[in-house]
Amino acid sequence: MNILLGVARAIDGFSTLVGRLMWWLTIAMVLIGAYNVITRYLGQYLGVQLSANVYLELQTYAFDLIFLLGAAYLLRVDGHVRVDIVYSRLGPRARAWIDIFGTLFFLVPFCIFGLYFCLGYVERSWAVMEQSPNPGGLARYPIKTVMLVAFAMLILQGVSEIIKNIAYLAREPGFSDNDAHRATQETEGL
């Protein structure tokens, strides 16, 4: 089990690193958005074109990256929206079983379908080196590739959550009934 917990720790570390990068990208996205607004109105006032499509697309691509690559980190910290009318009233062991079941029978199949259906879409984009139809726009194929990366990261984080839940159910050291969020706890030191 220690080897599996090490794998979970590595996956959690990777998801955390990417999640923190997405925090910084959020700041960049806001700054790009502010730049877009300021240059659009200042350009109108001065009668010159100061904004460009590349900045509008950079803002959109930043949002896409945050949404797609931040999903695994959100799963890691249990930040996804959950309708927990029943779940919140259950004990930690029952929640662990529900999390394992949900990951195996909902999250992983959803991600596999996502990978399957996105693969052709991404391949076609790469085959033609798809570009934005807007003048001065960015390449589309790299951002479309991120969809595959996002689904793969979600599967990996799901594996980590399963490992941590199994360790909790097996009463491995570091996993106790007093942990309210045992599946998302920091795994350092285990």
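Residues numbered from 1 in each chain as written. Predicted model: local features only at pLDDT ≥ 70, side-chain atom pairs only at ≥ 80, totals over all residues. Heavy atoms only, no water.

As a further point, take the packing of helix α1 (residues 2-46) against helix α2 (residues 53-76). Contact geometry of α1 with α2 gives a least axis separation of 8 Å together with a crossing angle of 155°. As summarised for this structure, α1 and α2 are arranged roughly antiparallel, according to the angle between their axes. Here α1 and α2 pass one another in a crossing that is left-handed. Of the residues that constitute the contact of α1 with α2, the class distribution is 17 nonpolar, eight polar and two charged. (Axes fitted to C-alpha atoms, helices over the stretch in contact; angles between N-to-C directions. Helix = DSSP H or I, 4+ residues; strand = E, 2+ residues; numbered from the N terminus. Parallel < 35°, antiparallel > 145°, perpendicular 65-115°, else oblique. Left-handed = near helix turned anticlockwise from the far one by under 90°. Nonpolar A, V, L, I, M, F, W, Y, C, P; charged D, E, K, R; others polar.)

This part is about the confidence of the model for the chain. The predicted coordinates of low-pLDDT regions are not to be read in fine detail. For the chain, per-residue confidence averages 88 on the pLDDT scale, and 89% of positions sit at 70 or higher. Of all helices and strands in the chain, the one with the weakest mean pLDDT is α1 (94), whereas helix α4 (residues 141-169) scores best (96). Segment residues 177-190 is flagged for pLDDT under 50; beyond a separation of four residues in sequence, or across chains, it makes 41 contacts in the model. (pLDDT = per-residue confidence, 0-100. Contact = heavy atoms within 4.5 Å.)

All right, on to the nonpolar core then. Among the nonpolar cores identified, the biggest contains 24 residues, and Leu 69, Cys 111 and Leu 154 are the most heavily contacted of them. Excluding its chain neighbours within four sequence positions, the residues that come into contact with Cys 111 are Phe 151, Leu 154 and Ile 155. (Core = buried A, V, L, I, M, F, W, Y, C linked by side-chain atoms within 4.5 Å. Buried < 20%, exposed > 50% of the residue type's maximum accessible area, 1.4 Å probe, protein only.)

Another point: α2. In a regular helix each residue adds 1.5 Å, so 24 residues correspond to 34 Å; α2 covers 35 Å between its end C-alpha atoms and thus fits that length. Within the span of α2, buried status applies to Glu 57, Tyr 61, Ala 62, Ile 66, Leu 68, Leu 69, Gly 70, Ala 71, Ala 72, Tyr 73, Leu 75 and Arg 76. Here the buried face of α2 lies against α1, α3 (92-127) and α4. (Expected span 1.5 Å × (residues − 1).)

Even without being a glycine, Asp 78 presents a positive backbone phi close to 55°. Tracing the backbone through its elements, the reader meets Asp 78 in the loop between α2 and α3. The backbone phi angle of Met 129 is positive, close to 50°, even though this residue is not glycine. Residue position: Met 129 is located in the loop between α3 and α4. You can call Met 129 partly exposed: its relative accessible area is 41%.

What follows deals with the packing of aromatic side chains. Considering all chains together, one arrives at nine aromatic pairs under this definition. Ring geometry for Tyr 35 against Tyr 55: centres 4.9 Å apart, planes inclined by 65°, an arrangement best described as edge-to-face. Of the two residues, Tyr 35 is situated in helix α1 and Tyr 55 in helix α2; the sequence distance between them amounts to 20 residues. Here Tyr 116 and Phe 117 contribute two aromatic rings whose centre-to-centre distance is 5.0 Å and whose plane-to-plane angle is 75°, an arrangement assigned as edge-to-face. For Tyr 116, a relative accessible area of 60% gives the class exposed. Every member of this aromatic cluster is reached through a ring pair, and the members are Phe 101, Phe 105 and Phe 106. Over the face of the ring belonging to Tyr 168 we find Arg 93, whose NZ or CZ atom lies 5.8 Å from the ring centre. (Phe/Tyr/Trp six-rings, centres within 6.5 Å; stacked < 30°, edge-to-face > 60°. Lys NZ or Arg CZ within 6 Å of the ring centre and 35° of its normal.)

This part is about the pattern of salt bridges. Going through the model one piece at a time under the given rule, you end up with three salt bridges. As a salt-bridge pair, Lys 144 and Glu 130 come within 2.5 Å of each other at their nearest N and O atoms. Placement of Lys 144 in helix α4 and of Glu 130 in the loop between α3 and α4 is noted, with a sequence separation of 14 residues between them. Take Lys 144: its relative accessible area is 12%, and that puts it in the buried class. Given the relative accessible area of 22%, Glu 130 is considered partly exposed. Between Lys 164 and Glu 161 there is a salt bridge, and its shortest N-O distance comes to 3.0 Å. With Lys 164 and Glu 161 both in helix α4 and three residues apart, the pair spans about one turn of that helix. Across the pair, exposure class does not vary: Lys 164 and Glu 161 are buried alike. A single salt-bridge network, built from bridges that share partners, covers Asp 12, Glu 161 and Lys 164. (Salt bridge = Lys/Arg side-chain N within 4 Å of Asp/Glu carboxyl O.)

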